[in-house]
Amino acid sequence: MAKSGNYDAIILGAGGAGLMCALTAGQRGRRVLVIDHASGPGKKILISGGGRCNFTNVNATSANAQERYLSANPHFAKSALGRYTPTDFIEMVQAHGIAFHEKTLGQLFCDDSARQIVEMLMDECDKSEAAGGRVDFAFHAPISDVRRADDLYHVVYNGLKASAPALVIATGGPSIPKMGATGFAYDLARQFGLKIVEPRPALVPFTLGGDDVLFRELSGVSADVEARCGKVRFREAALLTHKGLSGPAVLQISSYWRHGQPIGVDFLPDQPSGWLRDLKREKPRTTIKSALSASLSSRLADILADRIGDGGNLADWPDRRLEEAERKLSDWPFTPNGTEGYAKAEVTAGGISTDGLSQKTMEARTVPGLFFIGEAVDVTGWLGGYNFQWAWASGVAAGSSL
Ligand code: FDA
């Protein structure tokens, strides 16, 4: 129910981070108002993980944070992730009787529906009353003014005004604007004098043009590859699309990619060095095309073989040329001409600079009572439950100090 009035804290955004912050503060006896312009809570949770929400990753720990979270300060996320771990979230999921399973690489998904995670978070908000707290919600509530006066934050929404000594910004980043995602957190950060690390779409498909455009004809074909951007490598599936490249391995490297940078794809990551030379000895009348189609879809094998210059049987190829072909196949160069942008980006990298925030509480160093959490902050996880774990952990960090 929307309530105008005075609170202990106002939270802008009812996504994963905002809800976690609200239930933590509420259960500590705080009176909290959560304001969102969407029609209900957790819209991104509902569509996540193909509707089953990959709600955490068992490896999303402080020990791995430096490698698995991108940030201008790779140490920043460790504190919050160390104090609220995947095990803590799993305990809540189990206490609510939500069945889940590990899919791959430590990724945990609901067996049934992402809706269960949203219902769980809302139930936990309701438990605040038993602790003397309260969490009120205002949905369909565009925010028209935010200001600080007399040590209070005043928020105007839907013609109502609420005030509190603490304000938590949990409005996420601009990825998937058609779901109501905005850069509102950045506007507020600037308003209060905080710095922004330039935001960019991440976990996003690449678009291909120029010489690479041929690969777009293979839309729908996938392969188990190792994708590389600079020194960062991911071994997972890649998917060719009518615009370019996607699939988990490609989405992962996209977070590290900068415009103009080439990427490399190892189409045969399981083949040992020298495999084409060995095959030539074993089966001299085999062609490159048939050698490739033993492991890859025949359409992909055709394009790769044509590009390498299929010159008849392997027996006709000098060993040196086979070694060159192998090298090319193990680091196939693409130069994406861009990405599919915020419209298709699973997250936004960059955001509110961690320089201005306390890693323990997420409070702005120079603006008492102002907190930033979740995707709005310059902390971006790998694909596979890392981003929700950051939303939960940063929400708890702020909620524990309201
Ligand atoms: P989030 O974006 O969830 O919430 C922000 C809230 O603020 C929204 O409710 C929005 O309506 C509100 N808001 C925004 N602007 C506002 C304004 N101006 N006024 C009022 N309200 C405003 N991660 C993961 O770990 N596992 C997964 O399975 C997936 N799957 C996935 C699928 C898809 C399709 C996407 C797009 C993303 C994922 N993610 C994911 C990423 C994950 O969804 C994301 O990291 C978190 O939802 C971020 O949580 P936040 O609460 O920070 O922002």
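Residues numbered from 1 in each chain as written. Predicted model: local features only at pLDDT ≥ 70, side-chain atom pairs only at ≥ 80, totals over all residues. Heavy atoms only, no water.

A few words now on the state of the cysteines. If you walk through the whole model with that rule in mind, you get 0 disulfides. Cys21 forms no disulfide, and the closest cysteine sulfur to it belongs to Cys125, at a distance of 9.7 Å. (Disulfide = S-S within 2.5 Å.)

Another aspect to go through is the sheet that holds strand S9 (residues 143–149). Strand order in the open sheet formed by 4 strands is S1-S11-S10-S9, with mixed pairing between adjacent strands. For this open sheet the edge positions go to strand S1 (5–6) and S9, each flanked by a neighbour on one side alone. Two strands pair when backbone bridges link them, and strand S10 (residues 152–157) and strand S11 (residues 160–164) are joined in this way by 5 bridges, in the antiparallel orientation. Its bridge partner being in S11, His154 is matched across the sheet by Ser163. (Pairing = 2+ DSSP bridges. Helix = DSSP H or I, 4+ residues; strand = E, 2+ residues; numbered from the N terminus.)

Now for the side chain of Asp136. Within the secondary structure, Asp136 is located in strand S8 (residues 134–138). Under the relative-accessibility criterion, Asp136 is labelled buried at 6%. At 2.6 Å, the side chain of Asp136 forms a polar contact with the side chain of Tyr7. (Buried < 20%, exposed > 50% of the residue type's maximum accessible area, 1.4 Å probe, protein only. Polar contact = N/O pair within 3.5 Å; in protein donor to acceptor, adjacent residues only side chain to side chain.)

Below, the discussion takes up the site of the ligand. Surveying the vicinity of the ligand reveals 29 residues, the closest of which are Asp36, Asn54, Thr182, Glu375 and Phe388. Taking Glu375, its main chain carries an N or O atom lying 2.8 Å from an oxygen atom of the ligand. Measuring from an oxygen atom of the ligand, one finds a backbone N or O atom of Phe388 at 2.8 Å. Contact with the protein chains removes 91% of the 990 Å² of surface that the ligand exposes when unbound. Among the elements of the structure, helix H1 (16–26), helix H2 (43–47) and helix H13 (386–399) are those that each provide at least two residues to the shell around the ligand. The greatest single-element share of the shell around the ligand, amounting to 3 residues, is contributed by H13. (Near = heavy atom within 4 Å. Areas by Shrake-Rupley, 256 points an atom, 1.4 Å probe, with all protein chains shown as cover.)

This part takes up the domain arrangement of the chain. The domain boundaries assigned to the chain delineate domain 1 (5–201 + 347–399) and domain 2 (206–339). Here domain 1 and domain 2 have C-alpha centroids that lie 39 Å from each other. Residue-level contacts link 7 residues of domain 1 with 10 residues of domain 2. When domain 1 packs against domain 2, close to 780 Å² is buried across both sides, 54% of that on carbon and sulfur atoms. The three residues of domain 1 that bury the most area against domain 2 are Arg200, Trp382 and Leu383, which together make up 56% of that side's buried surface. (Domains from an automatic or database assignment. Contact = heavy atoms within 4.5 Å. Buried area = accessible area lost by both parts, 1.4 Å probe.)

We now examine helix H5 (residues 86–95). Inspection of H5 places Pro86, Phe89, Ile90, Met92 and Val93 among the buried residues, and these make up the whole buried set. The buried residues of H5 occupy an angular sector of 155° when the element is viewed end-on, so they sit on one face. Contacts made by the buried residues of H5 are with H1, strand S4 (54–57), strand S6 (100–102), strand S7 (107–110), helix H6 (115–126) and H13. Looking one or two places after H5, you find Gly97, whose phi comes out positive at around 65°. (Arc of directions from axis to C-beta.)

Moving on to the pattern of salt bridges. On inspection of all chains with the given rule, the structure shows 17 salt bridges. A salt bridge links Arg190 to Asp187; its shortest N-O distance comes to 3.6 Å. A residue pair is termed a helical-turn pair when its members lie 3 or 4 positions apart in one helix, as Arg190 and Asp187 do in helix H7 (residues 184–191) at 3 residues. For Asp319, the salt bridge is made with Lys280, and the minimal N-O distance between the two is 2.8 Å. Here Asp319 is found in helix H12 (residues 319–330), whereas its partner Lys280 is found in helix H9 (residues 275–282), with 39 residues between them in sequence. With a relative accessible area of 14%, Lys280 lands in the buried category. (Salt bridge = Lys/Arg side-chain N within 4 Å of Asp/Glu carboxyl O.)

Next up on the list: the nonpolar core. In terms of nonpolar packing, the biggest core is built from 127 residues, with Ile117 and Leu121 touching the most fellow members. For this core, the element with the most residues is H13, which contributes 9 residues. Both of domain 1 (5–201 + 347–399) and domain 2 (206–339) provide at least three residues apiece to this core. In this view, Leu121 contacts Leu19, Met20, Leu23, Ile45, Phe89, Met92 and Trp392; residues no more than four positions away in its chain are not counted. In this structure, Ala202, Leu203, Leu251 and Leu383 belong to the second largest nonpolar core, which totals 6 residues. (Core = buried A, V, L, I, M, F, W, Y, C linked by side-chain atoms within 4.5 Å.)

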